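# Residue-level structural notes
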Amino acid sequence: LSQHETLIRLSSVKGASVYYACPMLFDIADIWKQPDINNIRFVDIRTSPDGWATNQRHFITFQNETDPVPLWQSEPIEGKSVDAQGWISRNSNFSPKKMTGSELLELIENSIQVISHKEGEILLRGQDMYTRVMPGAFTILKFGIID
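Everything in this summary refers to the structure shown in the same document. (Residues numbered from 1 in each chain as written. Predicted model: local features only at pLDDT ≥ 70, side-chain atom pairs only at ≥ 80, totals over all residues. Heavy atoms only, no water.)

A cluster of nonpolar side chains, contributed by Leu25, Ile28, Ile31 and Trp32, occupies part of the molecular surface with about 530 Å² of accessible area. The residue Ile28 is located in the loop between β1 (19-23) and β2 (40-44) in this model. The exposed category is assigned to Ile28, whose relative accessible area is 68%. (Patch = residues over 30% accessible without salt bridge, like charges linked within 9 Å, V, L, I, M, F, W, Y side chains within 5 Å. Areas by Shrake-Rupley, 256 points an atom, 1.4 Å probe, with all protein chains shown as cover. Salt bridge = Lys/Arg side-chain N within 4 Å of Asp/Glu carboxyl O. Helix = DSSP H or I, 4+ residues; strand = E, 2+ residues; numbered from the N terminus. Buried < 20%, exposed > 50% of the residue type's maximum accessible area, 1.4 Å probe, protein only.)

Let's shift gears to the pattern of salt bridges. Considering all chains together, one arrives at three salt bridges under this definition. A salt bridge links Arg9 to Glu5; the nearest nitrogen and oxygen atoms lie 3.2 Å apart. Separated by four residues within a single helix, Arg9 and Glu5 lie in helix α1 (residues 3-11), roughly one turn from each other. Here Asp44 ties to Arg46 by a salt bridge, and the two come within 2.7 Å at their closest N and O atoms.

In this section: the packing of aromatic side chains. As enumerated under the stated definition, the model contains one aromatic pair in all. Arranged with centres 5.9 Å apart and planes meeting at 65 degrees, the rings of Tyr20 and Trp72 form a pair that is edge-to-face. Here Trp72 lies in strand β4 (residues 71-73) and Tyr20 lies in strand β1, a separation of 52 residues in the sequence. As far as the burial class goes, Tyr20 and Trp72 line up, both buried. (Phe/Tyr/Trp six-rings, centres within 6.5 Å; stacked < 30°, edge-to-face > 60°.)

Along β2, four of the five residues are buried, which leaves the element largely enclosed by surrounding structure. Alignment of β1 against β2, held across five bridges, turns out to be antiparallel. The residue bridging Tyr20 from the neighbouring strand is Val43, located in β2. Bridging between β2 and strand β6 (residues 81-83) involves three bridges; their strand directions are antiparallel. Each bridged residue has a counterpart across the sheet, and for Val43 the counterpart in β6 is Ser81. (Pairing = 2+ DSSP bridges.)

Another point: the sheet that holds β6. Sheet strands line up and pair through hydrogen bonds in the backbone, either parallel or antiparallel. Here we have three strands laid out as an open sheet, ordered β1-β2-β6, and antiparallel in their pairing. Edge positions in the open sheet fall to β1 and β6, since each of these has one partner strand only. On average, adjacent strands in this sheet sit at an angle of 30 degrees to one another, irrespective of strand direction. (Axes fitted to C-alpha atoms, helices over the stretch in contact; angles between N-to-C directions.)

Once that is clear, we can look at the packing of α1 against helix α3 (residues 101-116). Helix packing for two helices is described by the angle between their axes and how far apart those axes are. One way to put it is that α1 packs onto α3 with a least axis distance of 9 Å and a crossing angle of 135 degrees. Here α3 runs oblique to α1, going by the angle between their axes. Note on packing geometry: the crossing formed by α1 with α3 is right-handed. Each of Thr6, Arg9 and Leu10 in α1 lies in contact with α3, whose residues at this interface are Ser111, Val114 and Ile115. (Parallel < 35°, antiparallel > 145°, perpendicular 65-115°, else oblique. Left-handed = near helix turned anticlockwise from the far one by under 90°. Contact = heavy atoms within 4.5 Å.)

Written out as structure tokens, the structure reads:
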């Protein structure tokens, strides 16, 4: 599966929060700056257009560092994005919700089924399916307040 198709499939899993993380680099000199989470915008995968072929190239473009309305390319279609603080904030519709251990395990198992499912059959079974099926970029984050 392409990265995009994998993300689309994962977005259908209950409890999954699936976004493209887009660094706001608009000048070649920006790559030498100290990393800052505030220079990332998160684009909800569910705002992408339907019907792209697996091998079809596509892009997300922004007009400037604070642009809240990215364009999905090659045919311009408006998407939605949020900055890091909006994504992390518990009061945001964008932010992932806190999960219990059993909810997290259910999310992982459902994600594996969605990714490995093809024409009604599970492609891989067994204990190593977690490492063989899950994308290396599958990330679990926990946010807390630092005193």
